[in-house]
Amino acid sequence: MDKAKPFSIAKKEVWQAYKRVKANRGAAGVDGQSIEEFEKDLANNLYKLWNRLCSGSYFPPPVRRMDIPKPDGRMRPLGIPTVADRIAQMVVKRHLEPLVEPQFHPDSYGYRPGKSALEAVGKARERCWQFGWVLDLDIKSFFDTIDHELLMRAVRKHVSERWVVLYIERWLKAPVQMPDGTIIPRSEGTPQGGVISPLLANLFLHYAFDKWMQGHFPTLPFERYADDMICHCVSEKQARYLMEAIERRMVECRLKLNMLKTKIVCCRNVNGSGYAHVGFDFLGYTFRPRLSKSCKGKFFVNFSPAVSNEATKAIRREIRSWNLHQRTDKSLEDLAQMFNPVIRGWINYNGGFYKSAIYRTLWYLDRRLSRWASRKCKRLRGRQRAAQHWLRRIRYRQPNLFAHWRAAYVPAGQ
């Protein structure tokens with residue numbers, strides 16, 4: 001380590017950060033440099049980055065703006081840093097995360113080691129059985145409106161190293177380059193897509209929401225995944241009081257609730273007569289009363305989660321984008337090998353609760369495969385019904401070929 005440099009950062013830290021960034025992949029930033037191109041002169045690129053970080057001369061380039069579609073049809077703005085900037089952010093994240101992670105609330109689940117979205121959904125299901133009402137919260141443009149002053153106050157509370165504070169400040173102020181090349185300065189918010197942004201967002205809401213709830217409403221549990229939050233209440237009156245208190249708290253923290261999406265939901269196992277809302281969406285799942293079967297074979301109404309309509313629409317949209325009917329050069333085995341990892345991901349996440357709902361959605365994939373078969377095989381051309389029967393016979397002979405076949409279809413007699 002060069003003692004003349006003002007900041008002491010081990011070269012090993014930069015190397016470990018690079019390996020994490022490489023594993024996460026990601027698109028190129030404003031310089032157009034991919035990870036593969038960065039690796040062509042890897043040793044020199046990492047040395048230059050380490051040297052600039054240690055000397056205090058590292059200034060992040062603008063963040064490339066990219067819009068991706070959300071399940072509701074709107075666009076989500078992402079900020080894509082350069083590869084070198086992602087590595088620099090990872091260096092800081094690896095230093096900051098062990099300092100703040102032990103302080104975070106156990107019911108904060110987003111972007112935390114050892115925590116998952118499915119765990120949050122499961123805890124929400126359990127508490128919906130215990131509490132009759134839910135306050136479903138939505139913060140308006142959270143990532144774009146985080147106050148820099150308040151955020152840096154939280155950072156300084158946990159960090160003593162000057163270089164960590166310096167570079168976080170610079171990343172918060174880094175401008176955004178729009179698709180047309182326009183450079184937009186930024187005075188608030190942290191771009192979604194940055195390596196360190198989720199950790200900073202968690203740190204901000206830890207003080208803005210989690211600790212505040214713990215201090216003011218210690219008997220009311222909640223689940224938070226980044227800025228997706230639901231609170232559990234014992235009555236509608238209590239939920240309204242809590243909503244008004246949280247609205248005031250958000251204003252204190254220079255945030256704003258989206259009152260068009262924030263709602264109070266009745267979680268009792270009823271048909272919903274007389275209640276404005278009897279269901280809510282959380283992390284790709286829709287919670288509402290559903291007909292369930294007990295271990296004794298009796299049916300009852302149960303307030304529980306299943307894959308949301310928005311999630312199933314996104315799955316169908318993804319399946320259509322595969323253009324299976326145009327892949328007649330592939331065999332059925334080739335298609336299974338190509339797409340089974342994605343299908344398993346859908347089953348593992350969206351089928352975590354009320355699994356039959358996700359299987360009904362995946363039947364749509366089989367309809368697309370039937371269309372593929374009718375174009376692939378001359379004897380099936382123009383005969384959609386025959387193609388469906390052909391696929392059914394394949395499914396019976398090879399139930400493990402596609403990831404969803406064995407569980408989504410129960411053969412006759414079983």
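Residues numbered from 1 in each chain as written. Predicted model: local features only at pLDDT ≥ 70, side-chain atom pairs only at ≥ 80, totals over all residues. Heavy atoms only, no water.

### Considerations on the packing of aromatic side chains
Within this structure, the stated rule accounts for 19 aromatic pairs. Taking 5.6 Å as the distance between ring centres and 50° as the angle between the ring planes, the aromatic pair formed by Tyr111 and Tyr225 counts as tilted. Residue Tyr111 is found in the loop between helix 4 (83-100) and helix 5 (117-130), and its partner Tyr225 is found in strand 6 (residues 222-225); the two are separated by 114 residues along the sequence. For Tyr111, a relative accessible area of 45% translates into the label partly exposed. For Tyr225, a relative accessible area of 18% puts it in the buried group. Ring centres of Tyr285 and Phe353 lie 5.7 Å apart, and the angle between their planes is 80°; on these two criteria the pair is classed as edge-to-face. Here the residue Tyr285 occupies a position in strand 10 (residues 285-293), and Phe353 occupies one in the loop between helix 12 (332-350) and helix 13 (356-376), the gap between them amounting to 68 residues. The two residues Tyr285 and Phe353 agree in class, both being buried. Every member of this aromatic cluster is reached through a ring pair, and the members are Phe7, Tyr58, Tyr167 and Trp171. (Phe/Tyr/Trp six-rings, centres within 6.5 Å; stacked < 30°, edge-to-face > 60°. Helix = DSSP H or I, 4+ residues; strand = E, 2+ residues; numbered from the N terminus. Buried < 20%, exposed > 50% of the residue type's maximum accessible area, 1.4 Å probe, protein only.)

### Observations concerning the environment of Val164
Residue position: Val164 is located in helix 8 (residues 162-173). Considering only alpha carbons, one finds Val164 and Lys93, 71 residues apart in sequence, at a separation of 9.0 Å. In this structure, Val164 is in contact with Val92, His95 and Val159, ignoring residues within four places of it in sequence. (Contact = heavy atoms within 4.5 Å.)

### What to know about unusual backbone geometry
One non-glycine residue with positive phi stands out, namely Arg25, at about 60°. Locating Arg25 in the fold gives a position in the loop between helix 1 (11-24) and helix 2 (35-39). For Tyr111, which is not glycine, the phi dihedral falls at a positive 55°.

### Remarks on the confidence of the model for the chain
On average, residues of the chain score 91 in pLDDT, and 94% of them reach the 70 mark or higher. Mean pLDDT values for the elements of the chain range from 82 in helix 15 (residues 405-408) up to 98 in strand 6. (pLDDT = per-residue confidence, 0-100.)

### A few points about the sheet that holds strand 6
Reading across from one edge, 6-7-3-8 is the order of the four strands in this open sheet, with antiparallel pairing throughout. Each end of this open sheet is capped by a strand with a single partner; those strands are strand 6 and strand 8 (263-266). The sheet shows a mean angle of 20° between the axes of neighbouring strands, taken without regard to direction. Where strand 6 lies against strand 7 (residues 228-233), four bridges are found, and the strand directions are antiparallel. Each bridged residue has a counterpart across the sheet, and for Phe222 the counterpart in strand 7 is Cys231. Across the sheet, helix 9 (residues 197-216) is in contact with strand 3 (133-138), strand 6 and strand 7; its angle to strand 6 comes to roughly 175°. (Pairing = 2+ DSSP bridges. Axes fitted to C-alpha atoms, helices over the stretch in contact; angles between N-to-C directions.)

### Focus: the pairing of strand 1 (residues 63-69)
Where strand 1 lies against strand 4 (residues 176-177), two bridges are found, and the strand directions are parallel. Bridge pairing links Arg64 to Gln177 in strand 4. Bridging between strand 1 and strand 2 (residues 75-80) involves six bridges; their strand directions are antiparallel. Bridge pairing in strand 2 links Ile68 to Arg76.

### Things to note about the sheet that holds strand 2
What holds strands together in a sheet is hydrogen bonding between their backbones, with the strands either parallel or antiparallel. Spatial strand order, 2-1-4-5: four strands in an open sheet with mixed pairing. Pairing within the sheet leaves two strands with one partner each, and these edge strands are strand 2 and strand 5 (183-184). Relative to strand 5, strand 4 runs antiparallel, the two being bridged by two bridges. Note that in strand 5 the partner of Gln177 across the bridge is Ile183.

### Side note on the pattern of salt bridges
Summed over the entire model, instances satisfying the criterion amount to 16 salt bridges. Salt-bridge contacts for Arg94 lead to Glu13; the nearest nitrogen and oxygen are separated by 3.3 Å. Of the two residues, Arg94 is situated in helix 4 and Glu13 in helix 1; the sequence distance between them amounts to 81 residues. Classification of Glu13 by relative accessible area gives partly exposed; the value is 27%. (Salt bridge = Lys/Arg side-chain N within 4 Å of Asp/Glu carboxyl O.)

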